[in-house]
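Residue strings, one per chain:
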Amino acid sequence: MHLYTDTLNKRLQQELDRITNVERILLAFGYCGNSLLGLTSSGAQLVFPCVDDCISLLLGSQHARKKISEEIGTYYLTKGWLEFESNIWQEYQYAVKRYGKEKAERLFRQILNHYHRLAVIDTGAYAVSDFLELTKKIADTLKLAHQVIPGSTNYLKKLLTGPWDDEFVIIPPGEIVTLTHLCHDTTEPLLQITSISQ
């Protein structure tokens, strides 16, 4: 649903409306294309990380994301993104099937024009060695440098255990998430690849 933020937003609100008899709801989401805008819970406090998206969440901070992105244009992957979502490798294979290899390669050179590295985020939650052969193949095919970048689960741990300091947004019951909640300590807008299989 991250590819379609309006759909994600509606689904999140449906889930929030369904949850009753709790004081606090923890959302393990970044702003994710403003998909949190307009969310509200009539009876519970909402708490979510003050990060632009899941990449910053998994790298441990917006500062880490910004620093890495300033080094070189980087496309990020995790095991979950490879296994459970429409991802760049599936999109590439679809393009080859639909347009042929030569046209698909031209298309992806344009799509990835600002990217020069494919980075696997290693949070230590699982062995990245299990799928590095595939990510190296993807990087070689797409003509990107390949690198494993250390990540962190600290943000997620802190979300679950607190304290919720200025790295988190806390919305009182009945209040609606607005842009003012999402705009402190944000990084510059980042390039996004949209799905080409639609």
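Everything below is about the structure shown above.
(A) Just the overall build of the chain, in detail. Scanning the chain from terminus to terminus reveals nine helices and six strands. Of the contacts made within the chain by residues no fewer than 6 positions apart, 65% connect residues no fewer than 24 positions apart.

(B) Examining the packing of aromatic side chains more closely. For the structure on display, the rule yields five aromatic pairs. Seen from their ring centres, tyrosine 75 and tyrosine 115 are 5.8 Å apart, and the 70 degrees between their planes marks the pair as edge-to-face. Placement of tyrosine 75 in strand S3 (residues 74–77) and of tyrosine 115 in the loop between helix H6 (101–111) and strand S4 (117–122) is noted, with a sequence separation of 40 residues between them. Taken as a pair, tyrosine 75 and tyrosine 115 share a single burial class, namely buried. Considering the side-chain rings of tyrosine 155 and phenylalanine 168, the 5.5 Å spacing of their centres and the 75 degrees angle between planes classify their relative orientation as edge-to-face. Of this pair, tyrosine 155 sits in helix H8 (residues 154–161) while phenylalanine 168 sits in strand S6 (residues 168–171), placing them 13 residues apart in sequence.

(C) Seen up close, the packing of helix H5 (residues 88–99) against helix H7 (residues 132–141). Interaxial distance between H5 and H7 falls to 11 Å at its minimum, and their mutual angle equals 50 degrees. With respect to H7, the element H5 is oriented oblique. The handedness of the crossing between H5 and H7 is left-handed. Residue-level inspection shows Ile88, Trp89 and Tyr92 of H5 in contact with H7, the latter providing Leu134, Lys137, Ile138 and Thr141. In the contact of H5 with H7, the residues fall into five nonpolar, one polar and one charged.

(D) Here's a closer look at the sheet that holds strand S1 (residues 24–26). The mixed open sheet is built from three strands, whose spatial order is S1-S2-S6. Two strands lie at the open edges of the sheet, namely S1 and S6, each paired on one side alone. Taking the axes of each pair of neighbouring strands and ignoring which way they run, one obtains an average angle of 20 degrees across the sheet. Sheet analysis places S1 next to strand S2 (residues 45–49), joined by three bridges and oriented parallel. Paired with isoleucine 25 across the two strands is leucine 46, which belongs to S2. Strand contacts of H8: S1, S2 and S6, with the helix running at about 165 degrees to S2, the strand carrying the most contacts.

Conventions we followed
- Residues numbered from 1 in each chain as written.
- Predicted model: local features only at pLDDT ≥ 70, side-chain atom pairs only at ≥ 80, totals over all residues.
- Heavy atoms only, no water.
- Helix = DSSP H or I, 4+ residues; strand = E, 2+ residues; numbered from the N terminus.
- Contact = heavy atoms within 4.5 Å.
- Phe/Tyr/Trp six-rings, centres within 6.5 Å; stacked < 30°, edge-to-face > 60°.
- Buried < 20%, exposed > 50% of the residue type's maximum accessible area, 1.4 Å probe, protein only.
- Axes fitted to C-alpha atoms, helices over the stretch in contact; angles between N-to-C directions.
- Parallel < 35°, antiparallel > 145°, perpendicular 65-115°, else oblique.
- Left-handed = near helix turned anticlockwise from the far one by under 90°.
- Nonpolar A, V, L, I, M, F, W, Y, C, P; charged D, E, K, R; others polar.
- Pairing = 2+ DSSP bridges.

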